[in-house]
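In case you want the letters, here they are:
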Amino acid sequence: AQKVTQAQTEISVVEKEDVTLDCVYETRDTTYYLFWYKQPPSGELVFLIRRNSFDEQNEISGRYSWNFQKSTSSFNFTITASQVVDSAVYFCALSEVSRSNYQLIWGAGTKLIIKP
Amino acid sequence: ETGVTQSPTHLIKTRGQQVTLRCSSQSGHNTVSWYQQALGQGPQFIFQYYREEENGRGNFPPRFSGLQFPNYSSELNVNALELDDSALYLCASSLARQGNTEAFFGQGTRLTVV
């Protein structure tokens, strides 16, 4: 069963537009962690944010913000005033406490294209 | 603080051959996880090593094996390569059993099996 779903395969916007990347997850654990990673063309996965299941406060970091809603099992990522450098593939991932090794379960990714 | 480094960056192998991929973990991290990322897909967990012992394995056949050394660096070995093994192989280091910390990834090894 798919545990992390990123329904948007590809999004294309013009620079300075706001864009939201969706992530829906599924877990039976009450304690879990959610992550967003960015993967530029170079291939390296760059950590953006971690959120634990007990902290539903939204977070803002510069132009980036995250909306975590347990009621809808969603952890969406918004980029405000997008820039060309934001172009990359973005992955949402889940880590369940019931798995002692905290392995990451990944969505399929959303390719974000920011046009100048 | 050194980051996670992987070698080689690119590799071409023939079907049936064996390959070894290497990973140096970030300073202070004692856990290494390996992921396979096929083109256009999210990473898939292969296995994890913690203090030189395998600590969990994903849905990969036994021809995928690994090692972790006392300095916490790691190797991924794949025997009897198949065409479907062509992928980006990513190594991640982290502090063990602390789900509230992020994993730091290397730049990956792009393996092509022909």
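Scope of this entry: the structure provided in the associated data block.

Definitions and limits used
- Residues numbered from 1 in each chain as written.
- Chains lettered and ligands numbered in written order.
- Predicted model: local features only at pLDDT ≥ 70, side-chain atom pairs only at ≥ 80, totals over all residues.
- Heavy atoms only, no water.
- Helix = DSSP H or I, 4+ residues; strand = E, 2+ residues; numbered from the N terminus.
- Rg over C-alpha atoms; globule rule 2.2 N^0.38 Å.
- Buried < 20%, exposed > 50% of the residue type's maximum accessible area, 1.4 Å probe, protein only.
- Lys, Arg positive; Asp, Glu negative; His and termini not counted.
- Charge placed at Lys NZ, Arg CZ, Asp CG, Glu CD.
- Disulfide = S-S within 2.5 Å.
- Salt bridge = Lys/Arg side-chain N within 4 Å of Asp/Glu carboxyl O.
- Contact = heavy atoms within 4.5 Å.
- Core = buried A, V, L, I, M, F, W, Y, C linked by side-chain atoms within 4.5 Å.
- 1 Å grid on protein atoms, 1.4 Å probe; cavity = no way out; pocket = protein on both sides within 12 Å on 5 of 7 lines; lining within 4 Å.
- Points joined across faces, edges and corners; volume = space filled by probe spheres on them.
- Nonpolar A, V, L, I, M, F, W, Y, C, P; charged D, E, K, R; others polar.
- Pairing = 2+ DSSP bridges.
- Polar contact = N/O pair within 3.5 Å; in protein donor to acceptor, adjacent residues only side chain to side chain.

1. Considering the overall build of chain B
- Secondary structure summary: chain B contains 0 helices and 11 strands in total.
- If you list the helices and strands of chain B from N to C, you get β-β-β-β-β-β-β-β-β-β-β.
- Taken over the C-alpha trace, chain B has a radius of gyration of 13 Å; the compact-globule value for 114 residues is 13 Å, and the two agree within 12%.
- For the C-alpha atoms alone, the extent of chain B along its principal axes is close to 40 × 25 × 25 Å.
- By the burial criterion, 50% of the 114 residues in chain B qualify as buried.
- The averaged location of the 9 negative side-chain charges in chain B is 5 Å from the averaged location of its 8 positive side-chain charges.

2. A short note on the state of the cysteines
All names here are of chain A.
- Applying the stated criterion across every chain yields a total of 2 disulfides over all chains.
- Sulfur-sulfur distance for the disulfide between C23 and C92 comes to 2.0 Å. As the torsion about the S-S bond is roughly -65 degrees, the C23-C92 disulfide counts as left-handed. A residue pair is termed long-range when its members are at least 10 positions apart, and C23 in the loop between β3 (19–21) and β4 (24–25) and C92 in strand β10 (residues 88–96) qualify at 69 residues.

3. Here's the deal with the pattern of salt bridges
- Per the counting criterion, the structure on display carries 8 salt bridges over all chains.
- Between R51 of chain A and E59 of chain A there is a salt bridge, with its nearest N and O atoms 2.7 Å apart.
- Among the salt bridges present, the one from E54 of chain B reaches R57 of chain B, with a minimum N-O distance of 3.4 Å.
- Classification of R57 of chain B as partly exposed rests on a relative accessible area of 30%.

4. Describing the environment of G42 of chain B
- Within the element layout of this structure, G42 of chain B appears in the loop between β4 (31–37) and β5 (44–50).
- For G42 of chain B, a relative accessible area of 5% gives the class buried.
- Residues G42 of chain B and F60 of chain B, spaced 18 residues apart in sequence, show a C-alpha to C-alpha distance of 15 Å.
- Filtering out sequence-adjacent residues up to four positions away, G42 of chain B remains in contact with F91, W106, G107 and A108 of chain A together with Q36 and Q37 of chain B.

5. Some details on the nonpolar core
- Counting 24 residues, the largest nonpolar core has W36, F77 and Y90 of chain A as the members making the most contacts within it.
- Secondary structure elements with two or more residues in this core: β2 (10–14), β3, β5 (32–39), β8 (64–69), β9 (74–79), β10 and β12 (110–115) of chain A.
- Setting aside anything within four residues of it in sequence, one finds F77 of chain A in contact with V19, T20, L21, W36, L48, Y64, S65, W66 and Y90 of chain A.
- Membership of the second largest hydrophobic core comes to 20 residues, among which are F47, F64, L76 and L111 of chain B.

6. A few points about the layout of surface pockets
Residues and elements named next belong to chain A.
- In this structure, the largest pocket spans a volume of roughly 510 Å³.
- At the level of secondary structure, the elements contributing two or more residues to the lining of the largest pocket comprise β10 and β12.
- Looking at the lining of the largest pocket, its residues break down into 8 nonpolar, 15 polar and 2 charged.

7. Some remarks on the pairing of β12 of chain A
Residues and elements named next belong to chain A.
- Here β12 shows one buried face, formed by T110, L112 and I114, and one open face, formed by K111, I113 and K115.
- Judged from the 5 bridges that link them, β2 and β12 form a sheet pairing that is parallel. Residue pairing across strands places I11 opposite L112, the latter belonging to β12.

8. Examining the side chain of S93 of chain B
Residues and elements named next belong to chain B.
- Along the chain, S93 falls in strand β9 (residues 87–94).
- Given the relative accessible area of 0%, S93 is considered buried.
- A distance of 2.8 Å separates polar atoms of two side chains, one belonging to S93 and the other to H29.
- Setting aside residues no more than four positions away along its own chain, S93 makes contact with V4, S25, Q26, H29, T31, V32, E102, A103 and F104.

9. Topic: the interface of chain A and chain B
- Residue-level contacts link 19 residues of chain A with 23 residues of chain B.
- Counting across the chain A and chain B interface gives 0 salt bridges.
- For the interface between chain A and chain B, the tally reads 3 residue pairs in polar contact (both at pLDDT 80 or more).
- Among the elements of the structure, β5, β6 (46–52) and β11 (104–106) of chain A are those that each provide at least two residues to the side of chain A that touches chain B.
- At 4 residues, the largest contribution of residues to the side of chain A that touches chain B is made by β5 of chain A.
- Split by residue class, the side of chain A that touches chain B holds 10 nonpolar, 7 polar and 2 charged.

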